[in-house]
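# Tertiary structure, described
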Amino acid sequence: RSGQGGGRLGGVADSCDVQIPEARRQALLERKTAMMREGLDRHGVGGRGLDLGCGQGWYVHRMRAMGFDVIGVDSSAGQVARSGYNLGNPNLVRYGSALAIPEGDASLDFVYTINVLHHLPSVDHQHRAFAEIMRVLRPGGLLFLHEINTRNLLFRFYMGYVFPSLNCIDEGVERWLLPHRLAAYTSAPVVEMRYFTFLPEFVPVRVVRALAPVERFLERSPLRAYSAHYMAVLRKPG
């Protein structure tokens with residue numbers, strides 16, 4: 001997935017799609033889109049949305065299949081072309097970035113971004129990205145922020161040192177967004193927080209299946225705040 005930074009993040013998205021096992025990628029896609037659908041229904045906003053950093057367009061495809069009027073934006077020209085091809089309609093994807101979204105002020109009901117903002121080159125860029133997202137949202141609109149949860153110190157060590165030595169995606173210099181510190185980036189309130197999964201995306205599927213009962217238990221326990229992933233729902237003040 002990509003969202004800002006052109007070629008480098010386009011390469012990140014290419015590597016990510018290749019290295020995640022297909023069954024794992026599909027399971028995460030289904031779960032994340034289902035959570036967003038539940039959130040949209042629960043908070044009662046409209047159906048026009050944007051996938052910021054859409055990569056190859058798989059989430060756009062799934063959200064549109066569920067009835068939402070979603071388009072994609074990506075900062076990699078190659079990904080824009082590829083996702084347009086995958087979606088069967090190049091008009092559903094546009095070139096842009098987290099700092100320059102090609103949409104008008106207050107024109108969208110919701111925006112979602114999946115594992116994109118931790119790749120931005122500075123905290124200032126992250127602040128600017130949140131401001132740009134709020135610009136295009138209508139009052140009361142929602143941001144679904146999907147990020148890797150590094151609140152767990154062991155997982156942060158893994159993502160910062162172990163994982164970069166094994167894969168070519170994350171480089172160990174990412175600026176992680178901690179779920180309990182999002183107020184440092186934006187004044188938009190967090191109206192919902194979902195913690196899910198305790199295994200990184202690249203764990204073999206057989207291991208995920210074997211540990212599924214343990215993972216479901218942890219998601220319901222007080223330890224859920226130390227999950228591997230989270231989805232924060234932020235609402236633009238109306």
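Predicted model only: the values in this text are computed from it and were never measured. (Residues numbered from 1 in each chain as written. Predicted model: local features only at pLDDT ≥ 70, side-chain atom pairs only at ≥ 80, totals over all residues. Heavy atoms only, no water.)

Below, the discussion takes up the sheet that holds strand E2 (residues 69-74). The strands that make up a sheet pair up through hydrogen bonds in the backbone, lying either parallel or antiparallel. Pairing within the open sheet is mixed, and its 7 strands lie in the order E3-E2-E1-E4-E5-E7-E6. In this open sheet, the two edge strands, each paired with only one partner strand, are strand E3 (93-95) and strand E6 (190-196). Averaged over all pairs of adjacent strands, the angle between their axes in this sheet comes to 20°, without regard to strand direction. Here E2 runs beside E3; their pairing, made up of 3 bridges, is parallel. Across the sheet, residue Val73 finds its bridge partner in E3, namely Arg94. Lying on the sheet, helix H2 (residues 22-43) is in contact with strand E4 (108-114), strand E5 (137-148), E6 and strand E7 (229-235); it crosses E6 at an angle near 155°. (Pairing = 2+ DSSP bridges. Helix = DSSP H or I, 4+ residues; strand = E, 2+ residues; numbered from the N terminus. Axes fitted to C-alpha atoms, helices over the stretch in contact; angles between N-to-C directions. Contact = heavy atoms within 4.5 Å.)

On to the packing of aromatic side chains, then. The final tally for this structure, using the stated rule, is 4 aromatic pairs. Centre to centre, the rings of Phe110 and Phe144 are 6.3 Å apart; their planes meet at 85°, and the pair counts as edge-to-face. Of this pair, Phe110 sits in strand E4 while Phe144 sits in strand E5, and the two are 34 residues apart along the sequence. Since its relative accessible area comes to 0%, Phe144 is described here as buried. When the ring centre of Tyr226 is taken as reference, the NZ or CZ atom of Arg151 above it lies at 5.6 Å. (Phe/Tyr/Trp six-rings, centres within 6.5 Å; stacked < 30°, edge-to-face > 60°. Buried < 20%, exposed > 50% of the residue type's maximum accessible area, 1.4 Å probe, protein only. Lys NZ or Arg CZ within 6 Å of the ring centre and 35° of its normal.)

This part takes up the pattern of salt bridges. Counted under the stated rule, the structure contains 13 salt bridges. The salt bridge partner of Arg94 is Glu103, with a shortest N-O separation of 3.1 Å. According to the relative accessible area criterion, Arg94 is partly exposed, its value standing at 36%. Across the salt bridge formed by Asp124 and Arg128, the nearest N and O atoms sit 3.7 Å from each other. With Asp124 and Arg128 both in helix H5 (residues 123-136), this residue pair falls 4 residues apart, about one helical turn. A single network of salt bridges, built from pairs that share partners, joins Glu38, Arg42, Glu192 and Arg194. (Salt bridge = Lys/Arg side-chain N within 4 Å of Asp/Glu carboxyl O.)

In this structure, Glu192 sits in strand E6. A polar side-chain atom of Glu192 sits 2.9 Å from a polar atom in the side chain of His43. If near-sequence neighbours (up to four positions away) are discounted, Glu192 is found in contact with Gly39, Arg42, His43, Met231, Ala232 and Val233. (Polar contact = N/O pair within 3.5 Å; in protein donor to acceptor, adjacent residues only side chain to side chain.)

Another aspect to go through is the packing of H2 against helix H3 (residues 58-65). Where H2 contacts H3, the two axes come as close as 10 Å, and the packing angle between them is 45°. Taken as axis vectors, H2 and H3 run oblique relative to one another. The interaxial crossing formed by H2 with H3 has right-handed handedness. When H2 is examined against H3, the residues Arg25, Leu28, Leu29, Glu30, Lys32, Thr33, Met36 and Leu40 are found in contact with a partner set consisting of Trp58, Tyr59, Arg62 and Met63. Considered class by class, the residues forming the contact of H2 with H3 number 7 nonpolar, 1 polar and 4 charged. (Parallel < 35°, antiparallel > 145°, perpendicular 65-115°, else oblique. Left-handed = near helix turned anticlockwise from the far one by under 90°. Nonpolar A, V, L, I, M, F, W, Y, C, P; charged D, E, K, R; others polar.)

Estimated volume of the largest pocket: approximately 260 Å³. Forming the walls of the largest pocket are 13 residues, and the residues nearest its centre are Arg24, Ala27, Arg31, Val208 and Glu215. Listed by contribution, the elements that provide at least two residues to the lining of the largest pocket are H2, helix H7 (205-210) and helix H8 (212-220). Ranked by the residues each element gives to the lining of the largest pocket, the list is headed by H2, at 5 residues. When its residues are assigned to classes, the lining of the largest pocket shows 6 nonpolar, 1 polar and 6 charged. (1 Å grid on protein atoms, 1.4 Å probe; cavity = no way out; pocket = protein on both sides within 12 Å on 5 of 7 lines; lining within 4 Å. Points joined across faces, edges and corners; volume = space filled by probe spheres on them.)

When the terminal C-alpha atoms of H2 are compared, their 32 Å separation across 22 residues agrees well with the 32 Å that a helix rising 1.5 Å per residue should span. Within H2 the residues assigned to the buried category are Arg24, Arg25, Leu28, Leu29, Lys32, Thr33, Ala34, Met35, Met36, Gly39, Leu40 and His43. (Expected span 1.5 Å × (residues − 1).)

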